[in-house]
Each structure stands twice: as structure tokens, then as C-alpha cells.
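Overview (structure and organization)
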Amino acid sequence: MKKNTTPQNVSRPVRTCIGCLTKKNKSGLFRFVLLADGSVTLDREQKHPGRGAYVCPDLNCLEIAIKKNQFARVFRQKILNSSLKLLKTEFTECLKTKSEL
Ligand SMILES: [Zn+2]
């Protein structure tokens, strides 16, 4: 059997949603990053350096991710509860603006 290797020159980054665990094109997912104070924030520009967590543009996926402590797993540390609450608000806002475009 031939191994399915991705050519290195082709840039088609695929990431896994930490909610539904579906692999998707990176550009179709929302990126979250960890800040120095232990909070997680939505990286709208997808330019923040460091490790990122990816979630589908779907509030359900974010809720699953929070429920399953996926952010803590990805960032390997405890995430502030207050920041997770804020995250939902930010996420919902961003979904709204996206659908208005
Ligand atoms: Zn998802």
C-alpha cells in the first residue's frame, strides 16, 4: 500500500476542530490562542504566534470544546473560566459579523 503523503510545497493547511473533531481547511475554522494571563482569545486575523486551537464557525462546536476541556488540553494548562465565558460572547459576535458579510 502506498502511503498518502502530502507534498511539502503545496500549502493547504488542514486543522481539526476541537469540538466535533472534523478535519477542515484552516481558513474555514476559527482560531483561538492562549494569552500570557491564562485566558483564551479569538484570533480573528489568524496571525497570533504560538499554538492555536481551531473550532468550526458553529457555537455547538465551541460549547463541546469548552465542556470537554479541549482548550486546556490543547494549551496544556488550565484556562480561566471567566475567559471561556467571554469566548462564547466573542465567538457569537464574530459569527454574526461573518454572516453579515
Ligand atoms: Zn466542529
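Our structure is the block above this text.
Throughout what follows, the structure given in this document is the object of discussion. (Residues numbered from 1 in each chain as written. Predicted model: local features only at pLDDT ≥ 70, side-chain atom pairs only at ≥ 80, totals over all residues. Heavy atoms only, no water.)

**A short note on the sheet that holds strand 4 (residues 40-42)**
With respect to topology, three strands assemble into an open sheet ordered 4-3-5, the strand pairing being antiparallel. Lying at the two open borders of the sheet, with one neighbouring strand each, are strand 4 and strand 5 (52-55). Averaged over all adjacent pairs, the angle separating strand axes in this sheet is 30°, with direction ignored. Two strands pair when backbone bridges link them, and strand 3 (residues 30-34) and strand 5 are joined in this way by four bridges, in the antiparallel orientation. Bridge assignment links F30 to a residue of strand 5, and that residue is V55. The sheet strands contacting helix 3 (residues 81-100) are strand 3, strand 4 and strand 5, and the helix crosses strand 4 at an angle near 5°. (Pairing = 2+ DSSP bridges. Helix = DSSP H or I, 4+ residues; strand = E, 2+ residues; numbered from the N terminus. Axes fitted to C-alpha atoms, helices over the stretch in contact; angles between N-to-C directions. Contact = heavy atoms within 4.5 Å.)

**Examining the packing of aromatic side chains**
In the structure shown here, the tally under the stated rule is three aromatic pairs. Where F32 meets F71, the ring centres are 5.4 Å apart and the plane angle is 80°; that geometry is what we call edge-to-face. One end of the pair, F32, is in strand 3; the other, F71, is in helix 2 (residues 70-75), and 39 residues separate them in sequence. Among the residues examined, F71 registers a relative accessible area of 1% and is labelled buried. Seen in terms of ring centroids, F32 and F91 are 5.9 Å apart; in terms of plane orientation they differ by 25°. Their pairing is stacked. Placement of F32 in strand 3 and of F91 in helix 3 is noted, with a sequence separation of 59 residues between them. On the accessibility criterion, F32 (0% relative accessible area) is buried. Residue classification places F91 among the buried positions, given a relative accessible area of 0%. What links up through ring pairs into an aromatic cluster is the set F30, F32, F71 and F91. (Phe/Tyr/Trp six-rings, centres within 6.5 Å; stacked < 30°, edge-to-face > 60°. Buried < 20%, exposed > 50% of the residue type's maximum accessible area, 1.4 Å probe, protein only.)

**What to know about unusual backbone geometry**
The residue Q46 is not glycine, and still its phi comes out positive at about 55°. Examined against the element boundaries, Q46 turns out to sit in the loop between strand 4 and strand 5. Given the relative accessible area of 26%, Q46 is considered partly exposed. Its identity as a non-glycine residue notwithstanding, R76 has a phi of 55°, on the positive side. Relative accessible area serves as the criterion here: at 65%, R76 is assigned to the exposed category.

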